[in-house]
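Okay, here's what each chain looks like letter by letter:
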Protein chains: 8
Amino acid sequence: MDRERLRALLERVQREELDLDEALEQLAQLPFVDTPHARVDTHRALRQGLPEVVYGQGKPPELIAEVVRAQQNAGLDVLVTRVDVEVAEAVLRRAPGGAHDAQARLLWYGPRETPVVGKGLVLVVSAGTSDLPVAAEASAVARRFGNRVELLADVGVAGIHRLLASSAQLRQARVLIVVAGMEGALPSVVGGLVDKPVVAVPTSVGYGASFGGLAALLGMLTSCASNVCVVNIDNGFGAAHVATLINRL
Amino acid sequence: MDRERLRALLERVQREELDLDEALEQLAQLPFVDTPHARVDTHRALRQGLPEVVYGQGKPPELIAEVVRAQQNAGLDVLVTRVDVEVAEAVLRRAPGGAHDAQARLLWYGPRETPVVGKGLVLVVSAGTSDLPVAAEASAVARRFGNRVELLADVGVAGIHRLLASSAQLRQARVLIVVAGMEGALPSVVGGLVDKPVVAVPTSVGYGASFGGLAALLGMLTSCASNVCVVNIDNGFGAAHVATLINRL
Amino acid sequence: MDRERLRALLERVQREELDLDEALEQLAQLPFVDTPHARVDTHRALRQGLPEVVYGQGKPPELIAEVVRAQQNAGLDVLVTRVDVEVAEAVLRRAPGGAHDAQARLLWYGPRETPVVGKGLVLVVSAGTSDLPVAAEASAVARRFGNRVELLADVGVAGIHRLLASSAQLRQARVLIVVAGMEGALPSVVGGLVDKPVVAVPTSVGYGASFGGLAALLGMLTSCASNVCVVNIDNGFGAAHVATLINRL
Amino acid sequence: MDRERLRALLERVQREELDLDEALEQLAQLPFVDTPHARVDTHRALRQGLPEVVYGQGKPPELIAEVVRAQQNAGLDVLVTRVDVEVAEAVLRRAPGGAHDAQARLLWYGPRETPVVGKGLVLVVSAGTSDLPVAAEASAVARRFGNRVELLADVGVAGIHRLLASSAQLRQARVLIVVAGMEGALPSVVGGLVDKPVVAVPTSVGYGASFGGLAALLGMLTSCASNVCVVNIDNGFGAAHVATLINRL
Amino acid sequence: MDRERLRALLERVQREELDLDEALEQLAQLPFVDTPHARVDTHRALRQGLPEVVYGQGKPPELIAEVVRAQQNAGLDVLVTRVDVEVAEAVLRRAPGGAHDAQARLLWYGPRETPVVGKGLVLVVSAGTSDLPVAAEASAVARRFGNRVELLADVGVAGIHRLLASSAQLRQARVLIVVAGMEGALPSVVGGLVDKPVVAVPTSVGYGASFGGLAALLGMLTSCASNVCVVNIDNGFGAAHVATLINRL
Amino acid sequence: MDRERLRALLERVQREELDLDEALEQLAQLPFVDTPHARVDTHRALRQGLPEVVYGQGKPPELIAEVVRAQQNAGLDVLVTRVDVEVAEAVLRRAPGGAHDAQARLLWYGPRETPVVGKGLVLVVSAGTSDLPVAAEASAVARRFGNRVELLADVGVAGIHRLLASSAQLRQARVLIVVAGMEGALPSVVGGLVDKPVVAVPTSVGYGASFGGLAALLGMLTSCASNVCVVNIDNGFGAAHVATLINRL
Amino acid sequence: MDRERLRALLERVQREELDLDEALEQLAQLPFVDTPHARVDTHRALRQGLPEVVYGQGKPPELIAEVVRAQQNAGLDVLVTRVDVEVAEAVLRRAPGGAHDAQARLLWYGPRETPVVGKGLVLVVSAGTSDLPVAAEASAVARRFGNRVELLADVGVAGIHRLLASSAQLRQARVLIVVAGMEGALPSVVGGLVDKPVVAVPTSVGYGASFGGLAALLGMLTSCASNVCVVNIDNGFGAAHVATLINRL
Amino acid sequence: MDRERLRALLERVQREELDLDEALEQLAQLPFVDTPHARVDTHRALRQGLPEVVYGQGKPPELIAEVVRAQQNAGLDVLVTRVDVEVAEAVLRRAPGGAHDAQARLLWYGPRETPVVGKGLVLVVSAGTSDLPVAAEASAVARRFGNRVELLADVGVAGIHRLLASSAQLRQARVLIVVAGMEGALPSVVGGLVDKPVVAVPTSVGYGASFGGLAALLGMLTSCASNVCVVNIDNGFGAAHVATLINRL
């Protein structure tokens, strides 16, 4: 579309409908890709064939509902992340029709099933019970973004055989998302078992010297498995986004 | 190969050439994938069709040269990372025949050209002149790992037009490695311009409040572009490894 | 005024109305600029032709209202910062007549419009929706301090075209305040686009590795754009104060 | 110049010398402000009427000399920062004609005197003897950037009368740069004495709990004087740049 | 008292009332100074002629009241620190007769006035309004510990003249306690104005880069005034204890 | 058990009941020690002859009760750690029959008394009153894990004689758990008095520069007594587990 | 011995050879366990039946040699830790007769073989080649302290099968010392495979976000395996000391 | 002296030798205490009857020698701190006549013996051999500042009896300086044994988790003995200064 606008402008110059100085000014202002009044995230998402995403944490339900309704009016799907139960219910009262995934803290306005366009399996692996909300966010977002997803939960490194028992499943994945708190060692072990890219998500699970996820974060960044890359603490959404882009290649 | 050893063992049981208790003991010891006396990294690498890699930093040249010669004797390629000029020369005296890339601090023992097996372009983007060694490591490793690689250097965010002028090149990449020190903002900007996975590498370039790369690292982890994942500070090698695995999908 | 007091004292010495030893003692005690019982902030503000400012956070409404009424009785304007809705309402009940800006968390007791004495445009630029309260504080304070102010919101670096589309507006500013959380990259990009001083405000927006605004703060301090200076996390008021002083030059 | 290139392109379209599709491609690639092969910093500096600046730290003398000679060939001035005595001498052997300021660690290739274009006095205030190199960098850069500069040294807060004795000089400044290590308290005191913008520079001077300048940095960011903004630790150059832009308003 | 117990034991050995082995065992167990079942803090305090002190934070009112009543039954005074209003009231219901100082968060069970035994003036100096609770704790404890105490409040370094106006008062002090949050610069300035020991108390007042008092703490530790020593963040009690011991010398 | 499964598989191969390829696949999947669907912690605990342990913090009472009932149905004991009073009561309503230790924050479902299998005394030493909950957790867990346990409380290093008076008790211990907050110095002193292993537990007790237990943690890690090893902040359970394993040797 | 001194003193009191006041004074001064002029560490070690240990780092060779010769003159063994090759050689020149272990950085003056008094196997497990010096220190010290020791090297978690292949060896150990740098995940995995106490040693191996061993340290402290306790970074000696005490139980 | 200057000025006003406006200007500029061109530290020291002190670290020997000679010319004593052997020798060549204390890293230009003016004993207590340089600095400075000083070395808390054996010496002190690295526990123990003020000096001795003295610093700040105050890491000089001022009371 932007290329069209650019072409139109150049044609008007060619047809001498547009003065050179004026064209100059317009070109200096013209965004290459975006339209002036659109919200950036929407358009970045649209370019990538993904639904709009609203980061819900700390936003009042009224604001979230307003964005949701605007998207719906435009005929677009929208995914809201990081909504607690109370917020979700308040949004649903104002903008009915969404599906609420309480564990993953997501609200989804769109078709019940997203068609699978990712080429292979996205496997989400999580270490402990307490990491499940982040793993659930990663799984649910990856599904909504058009991937086939499996979840392998509760396979922390202190009971390594349980993970090894699933090594066939590990090897079937095209991309892996590994979620762990505390010492965050799981991505290193998983990374050594597969020859696929591993997106590691540290969680804020733990206490004391875990310092809100810092221990897991540093552990993943210094992983001795070099096929591991890392996203922010508790950022299941970001991991799913990266994995989606990889899985579409 | 390991599967072959396993099959051979089972056949000996089947042929009753091997006592059950002895087989039991051997199986308990037998690595599924590895051979007993080999180094883990080698075999992981071999499984992935990649050359052996030796992390050179802090290792004495004698040790590096020994590993290199062992690999050569086995008819295998080997890549040595993080070698300063003095170390590189000392290794080359002991194990001749390697190619030395001084900027990337690499030694390569193998064919002059690696066949390209990655499916698309790996684009390495770097922010400032001082980030070049890390960008060079990422580029050279990605090339040795069988990727077509381009380097887009010196496009820091404080001169954003220079980056935008290369937006066509950005869009041609299948995977991007973005290298930046100081505030580490480049991956956020690049991540917003492309719909491909971005592997971000913070560098220790900077002074004062950069705290040895911490500022860049935190900046990349909290990037507002959610298609960005991060590796350790100065870890050009790790970024190239992740990008290689992605580019082979 | 203080100079007057000093002159008076010296004249009394000259007229021998004041004993030398007594004068000596008075001079040792005499503040150069301040009067003994006045509150420092008030007088510093008065010297600069600015209204009194009360930092409201953590102060009980009774105390705030008391200060406000004292100022009003003295015929002076007063601005209260960092007041939540509940505190604002409690203050207004005790000290009616103030204007409440809920988003900026400000209470203003003074004329509806402040005359513009700043010489040019103060442009407040903010990255994301969640940074708006801090940007609003900066904008509103800058207005109350006598500047022409514009707000350019929602132009995060992950959608760089949106910012570039406003480059004319950026170039019209005499001073810029740039507000951003998460990786805090916006001041670097803006700083590269203008040749004016940029006052950067990191916000505590973000989670995980943002560590309460630390990531943004370090990013701004290590900015590769050298026309950027930084104030404390979430300190929209301080940025407005600095920008006001610059804009009066 | 860039506007000229843009105009030329548009004129070729108007004269139908250039095909629409080709123009489209060229425009997509064309930087708005920059030329394709130029280094960003140069051009940003040029736009602002300032000499080119090369950050010398960690760069080999050969590289610095090469950049210097390129600038000289283009008839441009160049300032090199952060060069130790050895590096400075090595650069001067390769690129003669520069003036070396050992205390400020600067090399200057340009006219002996820079014409003063800044409107008022830039006053550089420093706390202790050990802060002098950073204060000297700030002073010398501010002079080379066309400001009238005075240096008020050795006025640490533990001997407050010495600072107060210079209060007339403080009040004459249009912009102040305040340099301090250890607890970094000087900008707070100076900020309370003037009604002008104060650019604070923490230094890495100190030991133990100064943690390489962190104590001073945090102290300046949390200053109780709200007319203070802060640049990176030891960043005398950045402070001079910000002060220059303010002083030209 | 303990020496008495020791003497009694030795006398019983001398009088052969006590078997050697039994004496041996008793001596091995006998605390030099303490009695076996007494609480350590009590006795340390008693040795120093100070009332018992109970640190109240986080302790349930029942427990505090129990300790208070036990002290009262033993005819001893007791001071409870860090009690919020609710806790204070709950303790007073269970252990009536105490005096509650709400600002200093103290409960005092003892005589209305403590006789002054300290030799000179303990001057408590505080920077801002928000530092008052800590300054009040230091003042009240120092008074209960038998010192003549004055409080000089609201003399932050950003309005330095106000502090200087009180320089006579500063010079009258025998020991000074200086309380400040944010950048914590006040002890450096005060330390330069007096030739007496200065006990600095950082407070957790501030936001953002004050990091809960860390900025003030580091600032005080790296003070350029070398007659300053530091206690823990918000530790008004500790400062009063140290000042008391100094003032009794 | 697993060895049995392995033997059974090999016997089926030997009897040619199992095809080689199928055996190969099963072996690749077969865990050495664990059964595929079991929860890791349970089995690790069972192997060690210890009851199942559920970490209760942050878990909803429904989930805890479910796990408890499952264990009870399987005829197994279960210990729940880190349960506040409200949670404990909610769990007990859903899963009656447990013993609640409020100070130690434990729920225990099992026999009233655990038989002592540890060979000697586990002595738990704690510094201050506020460290008691962690010391109580360590004591109670060590008891439930079959140790004879004594608790020596309130022997902080600022009243060293009280600790020395208990030196006979210290010397009777086979393993010591030392619990301390604030500066965490107690393990160093205790470690110097005994020739037995000391497991140190830092607690989050303290304020200001204790930074949530960091001061105590660092102090214990850098202890000048080299018979000290450390567990996570507030981790009374972990200390009891380590001490139990030592005491069974 | 000290008990003997105490008995002698009491007997002199009983025999009235010693005045009561003088006895009182002597008792007040008398150490329970130590002799007045002896060095503490020596005596602590002697009490535990271990050789004297000198921490060599940062000590001049002259000082080390002096202590060694003093020990030798007293007929005692002595172990010197943390000596680089140059220091070791300088000490050996001054105090001949020691055995130098270059990898473990130890000097040993004593019998060639230490008799084994530990009851079982101390197994030292290390992750990577670069961790070997610390593992070697732990192994050699444990041997000198009278343990049977085995070293299982190069079994990092990214190649988990290699570790599992050694699970029989793991299960034979009575105590395990696990040494790892980078993410420090190895103790968690080992801890899950054994039911014995695991002493974890983080190393400073790594770069960037390993922050000198902090990542490994935090990872080990937050280990999900609760039979793990931790010593200081690179503290192979301390781990060996703790393991020795455990192995003697 | 300054008071004299002030009196002279007032007398000239009284005698009408000085115009009112001129007097006004002079008074505005006049330092109360200081002379315009003198260095602050000198005069602060002089006011306190102490010799001039030059902090030598990082200063070139030429500069130090220059200051020394200036002091000598003025007939004043001078103490130089933090000078390594090489620097000391270089200074002595340029400014002969100083006494060099290599362990304390001090140079002293003044009388061989300083008269004792402090009222009691300053006792310096140090934990380990490696803390001796800092303890030596504290001792030597306290002596030069006119105190009777004793040093009690090598009494770390892991051998607590050695410290207790010196308890009589501890009780004789009027002020105590306690120097310790690693976990920094010694001030807590000493603080509990005496009823005098304790000035604690953390040292940078240690490795790993001591983080350059941070562990000791935090430990001392959170000391459970409330008669402890703290100076910067390795700041033996500052501790001696504070102790001197206390000991003169």
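Residues numbered from 1 in each chain as written. Chains lettered and ligands numbered in written order. Predicted model: local features only at pLDDT ≥ 70, side-chain atom pairs only at ≥ 80, totals over all residues. Heavy atoms only, no water.

Bringing the relation of the copies chain C and chain B into the picture now. When chain C is fitted onto chain B, the two copies agree to an RMSD of 0.5 Å after a turn of 179 degrees and an axial shift of 0.2 Å. The symmetry that links the two subunits is that of a two-fold axis. Minimal C-alpha separation from the rotation axis in chain C is found for Ala185(C), amounting to 2.6 Å. Most of the interface of chain C is mirrored in chain B, where 100% of its interface residues are also at the interface. (Least-squares fit on C-alpha atoms with pLDDT ≥ 70 in both. Contact = heavy atoms within 4.5 Å.)

This part takes up the environment of Asn235(F). Mapped onto the secondary structure, Asn235(F) falls in the loop between strand S9 (228–230) and helix H11 (236–248). For Asn235(F), a relative accessible area of 12% puts it in the buried group. Along the sequence, Asn235(F) and Val134(F) sit 101 residues apart, while their C-alpha atoms lie 7.2 Å from each other. Among residues more than four places away in sequence, those in contact with Asn235(F) are Tyr207(A), Arg82(F), Glu137(F) and Val201(F). (Helix = DSSP H or I, 4+ residues; strand = E, 2+ residues; numbered from the N terminus. Buried < 20%, exposed > 50% of the residue type's maximum accessible area, 1.4 Å probe, protein only.)

Right, let's get into the packing of aromatic side chains. Counted by the stated rule, this structure contains 16 aromatic pairs over all chains. Between Phe145(A) and Phe237(A), the aromatic rings sit 6.0 Å apart at their centres with planes inclined by 80 degrees, giving edge-to-face as the arrangement. One end of the pair, Phe145(A), is in the loop between helix H6 (132–144) and strand S6 (148–152); the other, Phe237(A), is in helix H11 (residues 236–248), and 92 residues separate them in sequence. One exposure class covers both Phe145(A) and Phe237(A), and it is buried. The ring of Tyr207(C) has Arg82(A) lying over it, and the distance from NZ or CZ to the ring centre is 4.4 Å. (Phe/Tyr/Trp six-rings, centres within 6.5 Å; stacked < 30°, edge-to-face > 60°. Lys NZ or Arg CZ within 6 Å of the ring centre and 35° of its normal.)

This paragraph deals with the relation of the copies chain F and chain G. In screw terms, the move from chain F to chain G is a rotation of 180 degrees and a rise of 0.1 Å along the axis, fitting with an RMSD of 0.2 Å. The residues that chain F uses at the interface reappear at the interface of chain G in 97% of cases, marking a shared surface.

Moving on: the domain arrangement of chain A. All names here are of chain A. One can read the domain layout of chain A as domain 1 (3–109) and domain 2 (121–248). Contacts between domain 1 and domain 2 engage 14 residues on the former and 16 residues on the latter. With both chains or domains summed, domain 1 and domain 2 bury close to 1200 Å², and 63% of this area falls on carbon and sulfur atoms. Arginine 82 serves as the salt-bridge partner of glutamate 137, at 3.7 Å between the closest nitrogen and oxygen. Between domain 1 and domain 2 we count 1 residue pair in polar contact (both at pLDDT 80 or more) in total. Elements represented by at least two residues in the side of domain 1 that touches domain 2 include exactly strand S2 (78–81), strand S3 (99–101) and strand S4 (106–109). (Domains from an automatic or database assignment. Buried area = accessible area lost by both parts, 1.4 Å probe. Salt bridge = Lys/Arg side-chain N within 4 Å of Asp/Glu carboxyl O. Polar contact = N/O pair within 3.5 Å; in protein donor to acceptor, adjacent residues only side chain to side chain.)

With 29 residues of chain F at the interface, the matching set in chain G holds 30 residues. Both sides of the chain F and chain G interface together cover about 2800 Å² of buried area, and 63% of this is carbon and sulfur. The interface formed by chain F and chain G includes 0 salt bridges. At the surface where chain F touches chain G, the tally comes to 3 residue pairs in polar contact (both at pLDDT 80 or more). Those elements that place two or more of their residues in the side of chain F that touches chain G are helix H3 (40–47), helix H9 (186–193), helix H10 (214–221), S9 and H11 of chain F. A total of 6 residues in the side of chain F that touches chain G trace back to one element, the largest contributor, which is H11(F). In terms of residue class, the side of chain F that touches chain G is built from 15 nonpolar, 9 polar and 5 charged. (Nonpolar A, V, L, I, M, F, W, Y, C, P; charged D, E, K, R; others polar.)

Here the focus is the environment of Ile177(F). All names here are of chain F. Within the element layout of this structure, isoleucine 177 appears in strand S7 (residues 173–180). Separated by 70 residues in the primary sequence, isoleucine 177 and leucine 107 have C-alpha atoms spaced 21 Å apart. Setting aside anything within four residues of it in sequence, one finds isoleucine 177 in contact with Val122, Leu123, Val124, Val125, Ala138, Val199, Val201, Ala239, Ala240 and Ala243.

On to the sheet that holds S2(A). Residues and elements named next belong to chain A. Pairing in this open sheet of 4 strands is mixed, and the strands run S1-S2-S4-S3 from one edge to the other. The open sheet is flanked by strand S1 (52–55) and S3, the only strands paired with a single partner. Recorded for the sheet is a direction-independent mean angle of 15 degrees between the axes of neighbouring strands. Sheet topology note: the S1/S2 ladder contains 4 bridges and is parallel. Pairing of valine 53 across the sheet is with leucine 79, part of S2. Running at roughly 165 degrees to S2, helix H4 (residues 61–73) makes contact with S1, S2 and S4 of the sheet. (Pairing = 2+ DSSP bridges. Axes fitted to C-alpha atoms, helices over the stretch in contact; angles between N-to-C directions.)

Counting buried residues along helix H9 (residues 186–193) of chain D, 8 of its 8 residues qualify, which places the element largely inside the surrounding structure. Taken as a whole, H9(D) has its buried residues at Leu186(D), Pro187(D), Ser188(D), Val189(D), Val190(D), Gly191(D), Gly192(D) and Leu193(D).

Another point: the interface of chain C and chain B. If you look at the interface, chain C gives 25 residues, while chain B gives 25 residues. Overall, the association of chain C and chain B removes approximately 2000 Å² of surface from exposure, summing both partners, and the carbon and sulfur fraction of that is 77%. Contact with chain B buries surface across chain C, with Ala158(C), Glu183(C) and Thr222(C) losing the most and accounting together for 29% of the total. Counting across the interface, chain C meets chain B through 0 salt bridges. Our enumeration of links across chain C and chain B arrives at 8 residue pairs in polar contact (both at pLDDT 80 or more). Broken down by secondary-structure element, the contributors of at least two residues to the side of chain C that touches chain B are helix H7 (160–164), helix H9 (186–193) and helix H10 (214–221) of chain C.

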